[in-house]
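Here is how the chains run, residue by residue.
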Amino acid sequence: MDPSEKDGDGVTGAAESLPPPPPVAPDVTPIKAQEPEVKKTFRNPMARRSLGTKGTKVPILTNHFKVSVSNVDGQFFHYSVAIFYEDGRPVDAKGVGRRVLDRVHETYDTELGGKQFAYDGEKSLFTVGALPRNKLEFTVVLEDVTSSRNNGNASPGSPNEGDKKRIRRPYRSKTFKVEISYAAKIPMQAIANALRGQESENSQEAFRVLDIILRQHAAKQGCLLVRQSFFHNDPKNFADVGGGVLGCRGFHSSFRTTQSGLSLNIDVSTTMIIQPGPVVDFLIANQNVRDPFSIDWAKAKRTLKNLRVTTSPTNQEYKITGLSEKPCREQLFTLKQKGGSANGDGQTTEVTVYDYFVQHRNIELRYSADLPCINVGKPKRPTFFPIELCSLVSLQRYTKALSTFQRSSLVEKSRQKPQERMNVLTNALKINNYDAEPMLRACGVSIVRNFTQVEGRVLPTPKLKVGNGEDLFARNGRWNFNNKKFVNACRIEKWAVVNFSARCDAQNLVRELKKCGGAKGIFVEDPFDVFMENGQYRRAPPQVRVEKMFEEVQSKLPGPPKFLLCLLPERKNCDVYAPWKRKNLSDFGVVTQCLSPTRVNDQYLTNLLLKINAKLGGLNSVLAGEIQPSLPMVSKVPTLILGMDVSHGSPGHSDIPSIAAVVSSRQWPSISRYRAAVRTQSPKVEMIDSLYKRVSDTEDAGIMRESLIDFYTSSGKRKPDQIIIFRDGVSESQFNQVLNLELNQIIQACKFLDEKWNPKFVVIIAQKNHHTKFFQPNSPDNVQPGTIIDNKVCHPRNNDFYLCAHAGMIGTSRPTHYHVLHDEVGFTADDLQELVHSLSYVYQRSTTAISVVAPICYAHLAATQLGQWMKYEDASETSSSHNEAGSGANANAPPVPAMPKLNESVCNSMFFC
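All residue numbers refer to positions counted from 1 along the written sequence of the respective chain. Totals for whole chains, interfaces and linings use all residues, but because this is a predicted model, local features are given only for residues with pLDDT of at least 70 and pairs of side-chain atoms are given and counted only at 80 or more. The basis for every side-chain value is the complete set of heavy atoms in the structure, and neither hydrogens nor water enter the calculation.

S.K.: So, the sheet that holds strand β7 (residues 174-187): which residues are in play, and what are the values?
M.R.: When DSSP finds two or more bridges between a pair of strands, those strands are recorded as paired. Each helix corresponds to a stretch of at least 4 residues labelled H or I by DSSP, and each strand to a stretch of at least 2 residues labelled E; elements are numbered beginning at the N terminus. Ordered in space as β4-β5-β3-β7-β6, the five strands form an open sheet in which the pairing is antiparallel. The sheet is open, and its two edges are formed by β4 (118-119) and β6 (135-142), each paired on a single side. Bridge count between β6 and β7: eight bridges; the pairing is antiparallel. Bridge assignment links Glu137 to a residue of β7, and that residue is Glu179. We call two residues contacting when some pair of their heavy atoms lies within 4.5 Å. Note on geometry: axes are lines fitted to C-alpha atoms, helical ones only across the stretch in contact, with angles between N-to-C directions running from 0 to 180 degrees. Packed onto the sheet, helix α1 (residues 96-107) meets β3 (75-85), β4, β5 (124-128), β6 and β7 and runs at close to 105 degrees relative to β6. Lying over the sheet, helix α3 (residues 201-220) contacts β3, β4, β5 and β7, oriented at roughly 145 degrees with respect to β7.

S.K.: Explain empty space enclosed by the protein to me, using residue names and the numbers behind them.
M.R.: It is a probe the size of a water molecule, rolled over the atoms, that shows where empty space is left. Only protein atoms enter the 1 Å grid used here, on which a cavity is any set of points holding a 1.4 Å probe that cannot leave and a pocket is any open set flanked by protein within 12 Å on both sides along at least five of seven lines; residues with an atom within 4 Å of a point are listed as lining. Grid points are joined across faces, edges and corners, and a volume is the space filled by probe spheres set on the points. Under the defined criterion, the tally for this structure stands at four cavities of 30 Å³ or more. In this model, the largest cavity occupies a volume close to 140 Å³. As for the largest cavity, its lining consists of 15 residues, of which Ser50, Asn799, Thr828, Ala829 and Leu832 are closest to the centre. Of all the secondary structure elements, the ones that give two or more residues to the lining of the largest cavity are β40 (799-804), β41 (816-823) and α17 (829-838). Any residue outside Ala, Val, Leu, Ile, Met, Phe, Trp, Tyr, Cys, Pro, Asp, Glu, Lys and Arg is labelled polar, Gly included; the first ten of those are nonpolar and the last four are charged. A per-class count over the lining of the largest cavity returns six nonpolar, four polar and five charged.

S.K.: Report on unusual backbone geometry, specifying residues and quantitative values.
M.R.: Cis geometry marks the peptide bond from Ser312 to Pro313, where omega comes out at 5 degrees. Of note, Pro313 is situated in the loop between β14 (308-311) and β15 (316-319). Phi at Asn476 takes a positive value of approximately 55 degrees, unusual for a residue other than glycine. Along the chain, Asn476 turns up in the loop between β25 (471-472) and β26 (491-492). Remark: exposure states derive from per-residue accessible area (1.4 Å probe, protein chains only) relative to the maximum for the residue type, with buried under 20%, exposed over 50%, and partly exposed in between. A relative accessible area of 47% places Asn476 in the partly exposed class.

S.K.: Pulling in residues and values, what's your account of the pattern of salt bridges?
M.R.: Pairing of side chains with opposite charge becomes possible as their charged atoms draw close. Note on definitions: salt bridges are taken to be side-chain nitrogens of Lys or Arg within 4 Å of carboxyl oxygens of Asp or Glu. Applying the stated criterion across every chain, the model contains 36 salt bridges. The salt bridge involving Arg208 is made with Glu205; its shortest N-O contact spans 3.2 Å. Remark: Glu205 and Arg208 occur in helix α3; sequence separation between them is three residues, near one turn of the helix. Look at Glu205 and you get partly exposed, because its relative accessible area is 23%. Across the pair Asp710 and Arg675 runs a salt bridge whose closest N-O atoms are separated by 4.0 Å. Here Arg675 lies in strand β35 (residues 674-681) and Asp710 lies in helix α15 (residues 703-714), a separation of 35 residues in the sequence. The exposure class assigned to Asp710 is buried, which follows from its relative accessible area of 6%.

S.K.: Give a detailed account of the environment of Thr271, specifying residues and quantitative values.
M.R.: Residue placement: Thr271 occurs in strand β12 (residues 261-274). For the pair formed by Thr271 and Phe251, sequence separation is 20 residues and the distance between their alpha carbons is 9.9 Å. Thr271 has contacts with Leu224, Val226, Phe231, Leu246, Gly247, Cys248 and Arg397, leaving out every residue within four places of it along the chain.

S.K.: Lay out the packing of helix α10 (residues 506-519) against helix α13 (residues 602-615) with the relevant residues and their values.
M.R.: The relative placement of two packed helices is expressed as an angle between their axes plus a distance between the axes. Packing of α10 against α13 brings their axes to within 10 Å, and their N-to-C directions diverge by 75 degrees. Looking at the two axes, α10 sits roughly perpendicular to α13. Of the residues in α13, those in contact with Leu509, Glu512, Leu513, Cys516 and Gly517 of α10 are Asp602, Leu605, Thr606, Leu608 and Leu609. When grouped by side-chain class, the residues that make up the contact of α10 with α13 number six nonpolar, two polar and two charged. Each angle receives one of four descriptions, namely roughly parallel if under 35 degrees, roughly antiparallel if over 145, roughly perpendicular if within 65 to 115, and oblique otherwise.

S.K.: So what's going on with the sheet that holds strand β30 (residues 563-567)? Residues and values would help.
M.R.: Strand order in this open sheet of four strands is β29-β27-β30-β31, and the pairing throughout is parallel. Edge strands, defined here as strands with exactly one partner in the open sheet, are β29 (530-532) and β31 (591-595). Neighbour to neighbour, the strand axes of the sheet diverge by 20 degrees on average, direction disregarded. Packed on one face of the sheet, helix α12 (residues 577-588) meets β27 (495-499), β30 and β31 and runs near 165 degrees to β31. Most of the contacts of α13 go to β31, to which it runs at about 160 degrees, and overall it touches β30 and β31.

Written out as structure tokens, the structure reads:
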């Protein structure tokens, strides 16, 4: 808590010496000085009012497996666990805990009253019913304290005690003291209450215990554990994605409360692991070099640190602490001679690591002589092994961000058709054999092995309109513009082409673009010129290339262009992209479209024109219900639709600011036109903190003010009476923050504009990151686009539903899980579901229904595009945040660099399209 908030009147310490405030007369209401008044009511997620009925009913199978719990009168007892070394130091090496507790269980069964327990691998242990005493202390001995193999999210215990060079000495055993003390009681009745929709702290804890039992079950089978996902050490499940990294397929399993009771949700899950086997093979693949002698060892040292290896011939396991300074044939260490005196001060000689292994141990070394050794010792007492004797242990997570190539390779290799996925999941239930898990038996938990059948509905396809008032009928979630014109076609005039050395016939491209544009109703005038990049700048830094290109364009054009078409040389990750976009959108206010022309055909040009038309203020297709306003609830009353998303830096870049984007609809009653506002905020912070930013009595610099004013000016001087918020990327634990912190900011922004204005709010969360999948019984195909499910596997109380709006062409469709947290408008289930479905058809960049509502996709695009600008921020600004900002939004973290402002001439455009 901030020290200034300790006393109610904001004064710390001195409060006692101040006189009491004067009494307030009963008929006087004190005037609040600053903030616009927002009623401080705490909002909880709303309950479901009714189920939807529209659409064609279809049977659907889902990967939820029914669970019954017979022991609801029992109780879980929670105990805290503390583990110490013999000398009283606490054990902080995480991997050791499970092995120590397993030994406690084997050795002290009677003292534990014969009880099974579930241990989370760290500080908590749970039993069904109480242990014999509230505090128990045990001592156990473990022979070989290298890490347990199965705690994937834990770093292994340090095995480097003692001098490893004298390998023949039997490895030391270690003694541990374990204290188990009573912490709390959790009635299993809480599970039954949660199934009736009465969730509480207790029920969350009870489900946590059930999930810990699943984790422990997997740990005993030697799995790598990543949250609620489990990965077996089976090479059949590994797929090489390049760079020494493998995709490892495993399973997610967790207990969920649903309308039809408790279910176990099992899904296929993938994590990245380091390629097991010889260290050298991994480094060659990781650095993409030909042989060990081309390896960059400084980079290798960073990559290998803390990875676990086994050494031959003893097969002992160690953790890598570093590399030797010198190559194996030169690296000396002190060897104690045999026959030294008992107190250890015998003869010592200096010997190279190479000579020791080749001459003293008679081990042949083929290629290690000129390579560094692997160090597994302590900083002051290194322990070296020749690199070819070291092999990386299997199932070690790779946590860095994947390259574009690795990512696409992973997607390709982990795809599964619906039927194949069902078979894999059925098999997973057999392999996991939960019926044999003693803790689940003690809870009276049994799991049915059949997929749960639910009733789905396929909603009618929204009707679209294109140019000349023509209807456009989508089939299977797809449509095209063959022989059709855009509903609102722009003109491409006062424009030019710039070519950053892409191999392309630009003149021909322009000719084809004019022809294709004409067919879609877009008039494309001749460009002013095609500017080719000067060859001497091709190797210059990206910003320099962009500056030089702009100097060229400015010197030749008669006035500022309205549009620039930019040809990039590489398809993915062209480093000119971000500085080019920033220069255009922030400095000059010019709409720009980048492309990397490979195969230019009609389809390619149509897709290009979809984006250009939307960016220049046109529309490609709209809902019929927008043209003759007939969208339920939204067409009758001025309604603002918001899409909100926050994107964070990739793994390993914890100092990059997070990017918050809010897109807002404009020109009501349209729900197809949007603008975006984007801000930076502290790294890894999920809640948007810049929706309302009061700077003075008359100024609010927040995002919402921009959106509200634009809606007002673009919608015929109407304020929105309804505001529908779609929020992406938050987990269930953060729902209350969205409902209270974020919504309060939005209400404050409204009140700041007009104290008497009370719009009605709807708050909907969209989640893609979940594990519920749907299948058509007896069909190899994905569920049909428009399939909606709001029964059986949804929340027992809250208002949620799953919608698969898109046609899954490859792999298994992932439905979007929508949670309606708040609804002051009073939508019926059918009307709201129809609106969400319709918003999946207004995405201007594509001719397909998309899997999540368009405003959220746009927010994601805007955050991603402007996030790339930040990589080119002035280095001095970002380096300051680089040093200390590891702690997220802490008070001493340096200020987050501000997002460069969009130029006024493009800030209301769909520049992100």
